[in-house]
Amino acid sequence: MSALTAAQSPQSPQPPRSSRPPQAPQTPRAARIRRPRLRPRQPLTVLIAAGFLVLVVLTAALAPLLAPYAPDSIDLSASLVGTGREHLLGTDASGQDLLSRVLHGARTSLIAPLALLALAALLGVTLGTLAAWRGGWVDTLVSRLTDVMYAFPGLLFVVLIIAVFGAGMTTSVLALALAYAPTIAKYTRSLALSERAKPYIDAYRVQGMGGARICARHLVPNLARSVVGYLVVLFGEALMSLATLSYLGFGAQPPSSDWGLMVQEGQAAVVQGALLPAMVPGTAIAAVVVAFNIVGVWAADRLGSRR
Amino acid sequence: MAGTQETGHDGPVLSVDALRKTYPLPGGGRLTAADGIGFRVPRGGSLGIVGESGSGKTTVARMLVGLIRADSGTIAVAGHVRGSRPPRGRAARLARAREVQMVFQDPYLSLDPRLTGRQCLLTALRLHGAQAAAADERALRLLDQVGLGSREAEARPHALSGGQRQRLAIARALAVDPAVLVLDEAVAALDVSIQAQVLGLLEEIRRETGVALVFVSHDLAVVQYITDETLVMRQGRAVEQGPTPHVLADPQDPYTRALLAAVPREGWDPAEAVRTVRAR
Amino acid sequence: MTTTQPLLDIAGLTLELPGTARPLLAEVTLQVRTGEVLGLVGESGSGKSTTAKAALGMLPAGGRTEGRVTVDGTDVLTLRGEALRAHRARTVAMIHQDPRAALNPVRRIGDFLTERLAHAGVTDRRAARARAVELLGAVGLPDPARHVRQRPHELSGGMLQRVVIAGALAAEPRLLLADEATSALDVTTQAEILDLLRTLRAERETGMLFITHDLHLAAAYCDRVLVMYAGRIVEQQPAPALFAHPRHPYTRGLLGCSPTLGGTAADLRPVPGRPPSLAESFPGCPFAARCPEAEPECETWAPVVSPLEPEGGPVPNGPPVPAGEAACRRLPLAASVAPATHGATGASGASTASGASEASAASGAEAAR
């Protein structure tokens, strides 16, 4: 295409249309101008990341079929074995097969952030919509509340809750859901404010529809795309936070195969020269979080910027 | 057909008296958006509210449907005075909705982007108590009435043109069977050929259903086609009101004269128009 | 300088974009002379704005362009880089519909003007300041010295449009493009802005391409009016003649559905259907589907703009231009009148006619494809 450009001087007079072969692909001018990206190209990285995530979800679902061993079958005779035919990714200090544990661990590691975000979204979207719809003191209250939560270190807040209610996966999920809700509320509020100003919402009010029904049936569904896009971005972060809590001993408790917990358990083996018990779950966390961020940013762009 | 206009009341279907609305200004004091606005519209009649930007015409329109609360004054539909606050309770809300409906200016934002034409009408019909089968049938009749076909019935707003959207918005307002229909710059965003179609449709609907129209517009030439009476607003006040042909042919107020002089037409000279505008 | 050379000369401009069924512009040919106001009228999607942007060399990227756009003797479509920037900064200026969108809300009015002046070559800050105040005075803003220190939000829409016009005048452009420049304004403000533009034209001899959807405004304000439909020119006549004797059915349709003061409801005759989108293509005349006078042959007739026979006598005080042109199959065959018109009207007439024949050849090629 660039050769064509160089070959024909821009000043050359346009050949009369009729004398040109009808299948002449493009005029020199058109060749010089870059084609617009009508459909944004899907970068290879997004495709790879998405493919990887599909794979992760599938293995999590099929973990019992794929895992060569039960995740909690202890074999002290095979403690800290390296990679080999018996144990593809080796074993940990208790001789548990690392591959089996990581595969099973994918379940908690994926379902827990999902539950967390669902809960946080329920709370955040409700509060954000309420604030935007009612305005006045309701808005002030919700906004101040979210501001306070913003200023307060999230992890500290979560640790505080766990200190009161005790460690465990359920408490961690609940505590983190509370910590994430304000972010979502703030985002929803700004979306709802601009959506509420549109005349179709006025039209529902003029029709005599009640505020609760307008919000639940028409306002929130119209925000759903943007909110979901935002949640995908948050997923990686949520997974990371949960893994952190498990690592610190606040989250999943043994004998769970949660990845964060596995990293913590594998830590001791590093001193003994065995890297795999910490590396395997650590890599799993890193890979999934990075993949979610790549897909999340892409999805947020596409879902958020419609209309 | 259960519109309030058929309850035996034989006065004007819409009577507005001494309507007033002010807004606080940032530097203290208050901006008068509307003051002392009053008019009557008979059943099947139509009133044009004309004015330039900032004259308060949209404020009046939104007060009529209850989207803005008036500071004082009364709005009565078929003799029933509308409270200034939105009513509590579903039945009262729906009854109020059947008094006045509205068509908005922006056909791109006044329809729910998720709903198809048919769903949009069904939502309104079902809200007002129509049974499933009856609602379906009524939706089809309404679509037909505003000149939309089956393709448009199943299309979402983004697949409709501006004129089609505005037809759908009119059908949605009619679904509630209102006594009064307020149109706020409802044809301003449309191409002229489409604008004429929609004006024709409104005239037809007025004849067939007897709905009273309040037509808010900045365009004097458009207003004369569709209204019996005209009210000219300037800075929140009515500077002139009367039968449309009189107001346009023999304007009494200098502001109305200026507005008319500024409408371009054959042989029109902007310099002359400016002189009339400045002389007011 | 030769006076016969038009200021803006667009010849056979065709623009196609990938993913659209019909060209954005199809064989658009028009001329604006020095000191002339050419009205460009049409509904949404007719290609009015795209035509104006062509004069700025701002056609959408990725399009397939044919034809020529010349401003003051310069071929605009081949300009690149610095030359194109200079063209946009000095020769042509555009006034848009929304003055607020044209002005940076956080910068002062004076900065907007001095920036435009800097582009036009006035680099001395003190001189630019003084010139900015002068320009604001020229567009009729009272107390210009105060306004240069204000920000856009402090001024009304009408005042802002005056500021935008002052900015457009900063470079003393030869050609003004007004794209719905008064459509967002109140009628009284519109009259003031039009009065101002008319005065400026008289003083500076600028040519103007005046784009509007309002046929009556075009009639009242322009010297000649050109009607566009679906990216094509369908009619071109001196303004009084266009309104007295519209020849193309679309022009008649537009006139019939434009509200006029003193009209009655019965006068308003809507054009059926709606303006075509870019997804619709037409084997023949694009207006055929909405045309009350269409015949089966119109569905396949490739539109050709042909000179019109003068009707209703010569226009008093009008410039010596052909009576007009229209693209309708049912009008009296142009070929019979074309040669006569040629000799009488000289260069401009000849160029239009050749444009038209080129256009017909091109549409033939299109049909063959």
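Residues numbered from 1 in each chain as written. Chains lettered and ligands numbered in written order. Predicted model: local features only at pLDDT ≥ 70, side-chain atom pairs only at ≥ 80, totals over all residues.

Draft legend 1. Just the overall build of chain A, in detail. A tally of helices and strands in chain A yields 12 helices and zero strands. Expressed as a percentage of its 307 residues, the buried residues of chain A come to 38%. Taking contacts inside chain A between residues at least 6 apart in sequence as the whole, the part at least 24 apart equals 69%. (Helix = DSSP H or I, 4+ residues; strand = E, 2+ residues; numbered from the N terminus. Buried ≥ 20, exposed ≤ 12 C-beta atoms within 10 Å, placed from the backbone. Contact = placed C-beta atoms within 7 Å.)

Draft legend 2. Molecular detail of the packing of helix α7 (residues 154-165) of chain A against helix α8 (residues 169-196) of chain A. Residues and elements named next belong to chain A. Orientation of α7 relative to α8, taken along the N-to-C sense of each, is 140°, at an axis distance of 9 Å. Overall, the two elements α7 and α8 adopt an arrangement that is oblique. Handedness of the α7/α8 crossing: right-handed. Seen from α7, the contacting residues are Gly154, Phe157, Val158, Ile161, Ile162 and Phe165; seen from α8, they are Thr171, Ser172, Ala175, Leu176 and Ala179. Among the residues making up the contact of α7 with α8, the classes are represented as eight nonpolar, three polar and no charged. (Axes fitted to C-alpha atoms, helices over the stretch in contact; angles between N-to-C directions. Parallel < 35°, antiparallel > 145°, perpendicular 65-115°, else oblique. Left-handed = near helix turned anticlockwise from the far one by under 90°. Nonpolar A, V, L, I, M, F, W, Y, C, P; charged D, E, K, R; others polar.)

Draft legend 3. Just the interface of chain C and chain B, in detail. Contacts between the two partners involve 33 residues from chain C, matched on the other side by 34 residues from chain B. At the level of elements, α8 (187-204), α9 (215-221) and α11 (249-257) of chain C are the ones that each hand at least two residues to the side of chain C that touches chain B. Counting residues per element, the side of chain C that touches chain B draws most heavily on α8(C), at eight residues. Of the residues that constitute the side of chain C that touches chain B, the class distribution is 17 nonpolar, nine polar and seven charged.

Draft legend 4. Just the UniProt feature "domain: ABC transporter" (unreviewed entry) in chain B, in detail. Sites flagged by UniProt as "domain: ABC transporter" (unreviewed entry) map to residues 14-260 of chain B. For residues 14-260 of chain B, the helix share is 40%, the strand share is 26%, and the end-to-end C-alpha distance is 28 Å. (UniProt positions renumbered as here; feature names shortened; annotations may be inferred.)

Draft legend 5. Here's a closer look at the sheet that holds strand β6 (residues 92-95) of chain C. Residues and elements named next belong to chain C. On the basis of which strands lie adjacent, the open sheet formed by eight strands has the order β6-β7-β8-β3-β9-β10-β12-β11 and mixed pairing. Looking at the sheet topology across the chains shown, the edges are occupied by β6 and β11 (306-307). Across five bridges, the pairing between strand β7 (residues 175-179) and strand β8 (residues 207-212) is parallel. Looking across to β8, one finds that Leu176 is bridged to Met208. (Pairing = 2+ DSSP bridges.)

Draft legend 6. Summary view of helix α9 (residues 199-206) of chain A. With six of eight residues buried, α9(A) is to be regarded as a mostly interior element. All buried positions along α9(A) are accounted for by Pro199(A), Tyr200(A), Ile201(A), Ala203(A), Tyr204(A) and Val206(A). The elements touched by buried residues of α9(A) are α8 and α10 (211-247) of chain A together with α1 (57-65), α2 (90-97), β6 (100-103) and α6 (162-175) of chain B. Immediately beyond the C-terminal end of α9(A), within one or two residues, lies Gly208(A), with a positive phi of roughly 95°.

Draft legend 7. Structural view of unusual backbone geometry. All names here are of chain B. In this model, Ala78 sits at a positive phi of 50°, which is unusual for a non-glycine residue. By the element assignment, Ala78 lies in the loop between β4 (72-77) and β5 (80-82). Overall, the presence of 22 C-beta atoms within 10 Å leaves Ala78 in the buried class. With phi around 50°, Glu185 is a residue other than glycine that occupies positive phi space. Mapped onto the elements of the fold, Glu185 is located in the loop between β7 (180-184) and α7 (192-209).

Draft legend 8. The arrangement of the confidence of the model for chain A in detail. All names here are of chain A. Confidence along chain A averages 80 in pLDDT terms, with 85% of residues attaining 70 or more. For chain A, the element scoring lowest by mean pLDDT is helix α2 (residues 28-32), at 37; α9 scores highest, at 95. Within the model, pLDDT remains below 50 along residues 1-40, and this stretch shows 46 contacts once partners closer than five positions in the same chain are excluded. (pLDDT = per-residue confidence, 0-100.)

Draft legend 9. Local environment of the sheet that holds strand β8 (residues 212-217) of chain B. Residue and element names in this part refer to chain B. With respect to topology, six strands assemble into an open sheet ordered β6-β7-β8-β3-β9-β10, the strand pairing being mixed. Bordering the open sheet on either side are β6 and β10 (237-243), each of which pairs with just one other strand. Recorded for the sheet is a direction-independent mean angle of 15° between the axes of neighbouring strands.

Draft legend 10. Structural detail: the environment of Gln252(B). Residue position: Gln252(B) is located in the loop between α9 (244-249) and α10 (254-261). Separated by 120 residues in the primary sequence, Gln252(B) and Ala132(B) have C-alpha atoms spaced 54 Å apart.

Draft legend 11. Structural view of the packing of helix α4 (residues 109-119) of chain C against helix α7 (residues 157-169) of chain C. Residues and elements named next belong to chain C. Between α4 and α7, the shortest axis-to-axis distance is 8 Å and the interhelical angle comes to 20°. As the angle between them shows, α4 and α7 are arranged roughly parallel. Of the two elements, α4 crosses α7, and the hand of that crossing is right-handed. Side by side, α4 and α7 meet where Ile109, Phe112, Leu113 and Arg116 of the first sit next to Val163, Ala166 and Gly167 of the second.

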